Amino acid sequence: MSGLSMESMYQEIILDHYKHPHHRVLLEDFDAEVHHVNPTCGDEVTLRVQVRDGAIAALGWQGEGCSISQASTSVMSDLVVGKDIASALALQELFLGLMQSKGSAHLGDEDADALEDAVAFEGVAKYPARVKCALLGWMAMKGAVAQTEGARP
Amino acid sequence: MSGLSMESMYQEIILDHYKHPHHRVLLEDFDAEVHHVNPTCGDEVTLRVQVRDGAIAALGWQGEGCSISQASTSVMSDLVVGKDIASALALQELFLGLMQSKGSAHLGDEDADALEDAVAFEGVAKYPARVKCALLGWMAMKGAVAQTEGARP
Amino acid sequence: MTSSAFDVEAIRKDFPILTREVHGRPLVYLDSANTSHKPRAVLDAIEDFYAAHNSNVARAVHTLGSEATTLFEASRDKVAAFINAASREEIVFTKNSSEALNLIAYSISNATTTPGAERFRIGPGDEIVVTEMEHHSNLVPWQLLAQRTGATFRWLPIDDDGRLVESSIDEIINERTKIVSFVHQSNALGTVNPVARLVERAHAVGALVVLDASQSVPHMPVDVQALGIDLMAFTGHKMYGPTGVGVLWGRYDLLAEMPPFLAGGEMIETVDMAGTTYALPPHRFEAGTPMIAEAIGLGAAVDYLTAIGMDAVHDHEQALTAYALEAMATVPGLRIIGPDQPVDRGATISFALKGVHPHDVSQLLDEQGIAVRAGHHCARPVCVRYGIAATTRASFGIYTTTAEIDALVAGVARVSEVFA
Amino acid sequence: MTSSAFDVEAIRKDFPILTREVHGRPLVYLDSANTSHKPRAVLDAIEDFYAAHNSNVARAVHTLGSEATTLFEASRDKVAAFINAASREEIVFTKNSSEALNLIAYSISNATTTPGAERFRIGPGDEIVVTEMEHHSNLVPWQLLAQRTGATFRWLPIDDDGRLVESSIDEIINERTKIVSFVHQSNALGTVNPVARLVERAHAVGALVVLDASQSVPHMPVDVQALGIDLMAFTGHKMYGPTGVGVLWGRYDLLAEMPPFLAGGEMIETVDMAGTTYALPPHRFEAGTPMIAEAIGLGAAVDYLTAIGMDAVHDHEQALTAYALEAMATVPGLRIIGPDQPVDRGATISFALKGVHPHDVSQLLDEQGIAVRAGHHCARPVCVRYGIAATTRASFGIYTTTAEIDALVAGVARVSEVFA
Ligand SMILES: Cc1ncc(COP(=O)(O)O)c(C=O)c1O
Ligand SMILES: Cc1ncc(COP(=O)(O)O)c(C=O)c1O
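Residues numbered from 1 in each chain as written. Chains lettered and ligands numbered in written order. Predicted model: local features only at pLDDT ≥ 70, side-chain atom pairs only at ≥ 80, totals over all residues. Heavy atoms only, no water.

**A few points about the overall build of chain C**
Helix and strand counts for chain C come out as 14 helices and 17 strands. The C-alpha radius of gyration computed for chain C amounts to 22 Å, which stays within 12% of the reference 22 Å derived for 420 residues, consistent with globular compactness. When each of the 420 residues of chain C is scored for burial, the buried share is 69%. Excluding contacts between residues fewer than 6 apart, the proportion of contacts in chain C whose partners are at least 24 apart in sequence is 71%. On chain C, roughly 12,000 Å² of surface is accessible, and the fraction owed to carbon and sulfur atoms is 54%. Within chain C, the 50 negative side-chain charges are centred at a point lying 5 Å from the centre of the 31 positive side-chain charges. (Helix = DSSP H or I, 4+ residues; strand = E, 2+ residues; numbered from the N terminus. Rg over C-alpha atoms; globule rule 2.2 N^0.38 Å. Buried < 20%, exposed > 50% of the residue type's maximum accessible area, 1.4 Å probe, protein only. Contact = heavy atoms within 4.5 Å. Areas by Shrake-Rupley, 256 points an atom, 1.4 Å probe, with all protein chains shown as cover. Lys, Arg positive; Asp, Glu negative; His and termini not counted. Charge placed at Lys NZ, Arg CZ, Asp CG, Glu CD.)

Now the structure itself:
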């Protein structure tokens, strides 16, 4: 990690996802699309989902912004694709809680396991200004899923 | 002086003039009248002058306000009645300078003699908020005299 | 005299300035309604901010910036809790009460040219109601709003005891009334106004209620939800906090619809040369670099008051008021301007002394080390109402003692002697 | 590097916060354009005021009130002398630059309903001109003024080097222009604008000139009379003074005719329920209890800067700028946004780093103890102009050393490595 300290916000996992983001492609066949912008820093993401039988069958996105927002969206994509919507939203809740903890959260083993690579963002929670970056993709996913639910109640 | 300290703003002379003001009557026969108000504290004075041969032949006033404004107007009246206008205005300048000195003026003997009872107001100069009170009557006199000059150039 | 938990001597030790002498006498400071003194905890909070965390807020991702933001926003939480606001987003920091009140008045006139803000528009035929006992800061902004919009400016009169004329309320507040703005506790008279009665009437006719709580928040428990008001202003320097900071509280749904007032950094959502969109409250109303150290100092003042307890503060000051009204009644020639019984009134007592102008009273008290205020107290219509140019006013705070009231009474008697 | 009289190490000792560590490294604070740190003298002035003289100003005749008033008004004298104002009455204390700029804009729209203020009225057909490099605080107030009055909002474009497009000046500023408001030194680009050129053109067409000097007053000698401008805004917290205080300067004859903005205590001449008349400047524009301790602290900051000398300050920072521009040019992938030569530009340097988002740059610098700012710096149109979301910005002050610039350059190189 080029000599960054262990407490650095920039964990290897984050940099990897930033340099080689997953699911960073816009689906042709999708049920909902959202575009989210973080007005304070200009980060943005366009995200499309395909829902089948109450599960996220596919998800793809494009975006611009800092490593935190882009990597977090990449990690989120890995986590939710293939999951049923309820589980995906539960993960979103878990991640949101972690981010809003101001760095004082102590993740239980179970939660840590569920969040997989997303645990690497724990350090971001200490920086209020960056929390929104880490949440951008997650919020977009939630918004997109809500849209599909609205469309097919 | 009922035990007030020597540095008290309320010199005996001031209290005497306040309790028994001089020239506190409105002239029937006058050349100019002014009405001055101190908006921050509401003190007011109405002042009339009679000018003969370039001198203040008579001056009378009525007013309401604190002891400083009323006593100062009384003292001023004593000083300027009978004086030629130039001398009256010179005294006004002298008194103004004393008041604006923030308490650091050292009156020469000559000036002190010229100001007579008005020297008692020296202590007021230390209180910016009260300086306007001490000046009220003097400013009114100056205004009234200017009016007579305007009328007969 | 005071509730058992309340230790005025211990409190006095927290205020560095109270060791001062004036004209060789110990300072007897009876001008807290003008501005209060600041406890050591407030001075330390300011010093600590500048010496260890100083940075701009909200705009930086670096460590100092994030520390400053955390401290600043924590003060918003403290203030919200102190007045029982429904959420922290209901707290807008301003420079003082006056700005908070002007903010409301300008936001309302800005509604005229802001799409989507129709609900706040007022114009000819509409009426704005204040009371005859308002501080200029809750009077002139509404006169100017009337001037800007063509609405009519009206007021509730006061009676000889310094109370609102009850019978005028239902007449003056009527179907045309859009805003009723009034002082909670009068700075000139001490009167505490009947909030519930006025809120009920104002809301019955669909008017917004604005409360000027500049003189109540420092002296009694104030619960914005229990009061049922819509908007409220108060000021840091009268509640043992720093100068340069005040608060606008508003119900969130109202703030969310109100057009912006001051424009600039941090109150925007996005800026484009072709047009701008605005942030959500509270940031919409906080243009430019805020009073960071001041808000943090105010947070420390709130902590200080909370630790004492506002019920205890109120008990202490009610006891002082009763004591003072009784003692002052014994001074020959002294007339209380305002309620002369310790009921629905605060610890601010205006009076006239026969034959002595208020400026002379206060100056001669100052020569004895006693600080009171003389003047119209920025509520000139009150003086006009009672046909006087000014009053002398003694006002108390958490650090005031009965011994100081005794000094005041003796001092006033001395003034009468000098002018006898 | 710096003028011989200028001793940066001695200056650093005056700033308590500079001993701080961040992430275990000595603080390298390169965010002074956002807010500057405060020397001990400023902290002491604030502490001394609260602990020994605290009182409200202008309203009291007692000793503390008169001490407070004297200290407060002395600060007005100091600020007036600092910018060579023709008189102390030309200095209005506001809460920050943003308020000062909004004050002007609101006073102008208030002219529409104020008898006697015809000269300040603007409306449809009239034009307001700013530049594309304005801080939002000198941009949105004018957009809103245009919205309130129906006037047209226009701007002078900037070129690829971050300078005003000279050829646009005579076209955009024309007979319809009533106000030209522009930044002296850009907070986003460092550019120092050609004041004389703009003043000449604006006055030739009869427009008022407003200068946003928030980023120049702390860094160079500013003489309002020599500049020939009409009104100017600046802010305490960027000039080593406290938060919560700013300044509006205006030519007295203009201020004397301008309608009031905020209404309340102390800005009035006399108040009557039927109408109000207003005090002369500066008090007309200072409603309510002013930021007393803050103005006094600002006076101490002015004393501090005056003792160093603004020429020496400017020399020091020009030398730093030249040093930094040269050093930064050696960093691979680093592109300066704004003038890249140390001519007509100040010690505020925005840059882009290839492949790394500004927020990541600044955060990784912070992990090395280096504080810079990332974002649009409240001048979003600048970013739009250059097609970027944000920049990273390093900005210097009197306490900045070349060693700190070396640390920045090494730190940025490290950031590139991490992201390679
Ligand atoms: C050029 C410029 N103008 C105006 C402002 C606004 O100053 P303040 O935030 O103190 O109101 C700033 C700084 O934030 C600035 O850099
Ligand atoms: C009742 C009341 N309202 C408003 C104000 C204005 O507060 P500020 O001067 O802090 O704006 C004051 C005090 O001056 C006051 O007593």
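**Some words on the pairing of strand β11 (residues 268-272) of chain C**
All names here are of chain C. Summarising the sheet, β11 and strand β12 (residues 275-278) pair through 4 bridges and their orientation is antiparallel. Of the residues in β12, the one forming a bridge with T270 is T277. Connecting β11 to the next strand, β12, in antiparallel fashion are 2 residues. (Pairing = 2+ DSSP bridges.)

**Notes on the site of ligand 1**
Ligand 1 sits among 16 residues. The nearest are T289 of chain C together with S98, D212, T235 and K238 of chain D. More than one chain lines the surroundings of ligand 1; the residues nearby belong to chains C and D. Within the side chain of H135 of chain D, an N or O atom sits 3.1 Å from an oxygen atom of ligand 1. In the environment of ligand 1, an oxygen atom lies 2.7 Å from a nitrogen or oxygen atom belonging to the side chain of T235 of chain D. Contact with the protein chains hides 99% of the accessible area of ligand 1, taken as 390 Å² for the molecule alone. (Near = heavy atom within 4 Å. Polar contact = N/O pair within 3.5 Å; in protein donor to acceptor, adjacent residues only side chain to side chain.)

**What about the relation of the copies chain C and chain D?**
Put simply, the two copies of the chain differ by a rotation about an axis and a shift along that axis. Screw-axis analysis of chain C against chain D gives a translation of 0.0 Å along the axis, an RMSD of 0.0 Å, and a rotation angle of 180 degrees. Both copies of the chain, as the preceding transformation shows, are related through a two-fold rotation axis. Of every C-alpha in chain C, the one belonging to G244 of chain C sits nearest the axis of rotation, 2.9 Å from it. Here 100% of the contact residues of chain C are again contact residues in chain D; the copies associate through an equivalent surface. (Least-squares fit on C-alpha atoms with pLDDT ≥ 70 in both.)

**Some thoughts on the site of ligand 2**
Residues in close proximity to ligand 2 total 16 residues, the closest being S98, D212, T235 and K238 of chain C together with T289 of chain D. Ligand 2 sits at the junction of chains C and D, each of which supplies nearby residues. K238 of chain C is positioned with one of its side-chain polar atoms (N or O) 2.8 Å from an oxygen atom of ligand 2. Contact with the protein chains removes 100% of the 390 Å² of surface that ligand 2 exposes when unbound. Split by residue class, the shell around ligand 2 holds 1 nonpolar, 12 polar and 3 charged. (Nonpolar A, V, L, I, M, F, W, Y, C, P; charged D, E, K, R; others polar.)

**Some remarks on the nonpolar core**
Membership of the largest hydrophobic core comes to 168 residues, with the highest contact counts inside it found for F93, M232 and I398 of chain C together with F93, I229, M232 and I398 of chain D. Beyond its immediate chain neighbours, meaning those up to four positions away, M232 of chain D contacts I83, L211, A213, V217, V222, V224, V247, L248 and W249 of chain D. Counting residues in each nonpolar core, the second largest holds 80 residues, with F120 of chain C together with A100, L231 and F285 of chain D among its members. (Core = buried A, V, L, I, M, F, W, Y, C linked by side-chain atoms within 4.5 Å.)

**Some points on the state of the cysteines**
Covalent bonding between the sulfur atoms of two cysteines is what defines a disulfide. Residue and element names in this part refer to chain C. Evaluated as defined, the whole model comprises 0 disulfides over all chains. Its sulfur unpaired, C378 is 11 Å from the next cysteine sulfur, which belongs to C383. Looking at C378, the relative accessible area reads 1%, which means it is buried. (Disulfide = S-S within 2.5 Å.)

**A few points about the sheet that holds strand β14 (residues 348-353) of chain D**
All names here are of chain D. Across the sheet, which stays open at both edges, the 4 strands sit in the order β13-β14-β17-β16 with antiparallel pairing between neighbours. Strand pairing shows two members of the sheet lacking a second neighbour, β13 (334-337) and β16 (373-375), which therefore form its edges. Strand-to-strand twist of the sheet, defined as the mean angle between neighbouring strand axes without regard to direction, takes the value 35 degrees. Two strands pair when backbone bridges link them, and β13 and β14 are joined in this way by 4 bridges, in the antiparallel orientation. When the sheet's bridge partners are listed, R335 is paired in β14 with A352. Against the sheet, helix α14 (residues 402-418) makes contact with β13, β14 and β17 (391-395), and its axis sits at roughly 15 degrees relative to β14, the strand it touches most. (Axes fitted to C-alpha atoms, helices over the stretch in contact; angles between N-to-C directions.)

**A closer look at the sheet that holds strand β5 (residues 127-131) of chain D**
Hydrogen bonds along the backbone pair up the strands of a sheet, which may run parallel or antiparallel. Residues and elements named next belong to chain D. Spatially, β4-β10-β9-β8-β7-β5-β6 is the arrangement adopted by the 7 strands of the open sheet, whose pairing is mixed. Looking at which strands have only one partner, the edges of the open sheet turn out to be β4 (91-94) and β6 (152-156). Taken pair by pair, the neighbouring strands of this sheet meet at an average axis angle of 20 degrees, ignoring direction. In the sheet, β5 pairs with β6 via 5 bridges, with the strands oriented parallel. Residue pairing across strands places V130 opposite W155, the latter belonging to β6.

**Here we look at the environment of L47 of chain A**
Residues and elements named next belong to chain A. Here L47 shows up in strand β2 (residues 44-52). Looking at L47, the relative accessible area reads 0%, which means it is buried. A sequence separation of 12 residues divides L47 from H35, and the C-alpha atoms of the two residues are 6.5 Å apart. Contact partners of L47, with chain neighbours within four places excluded, come to A32, E33, V34, L59, G60, W61, M76, G137, A140, M141 and A144.

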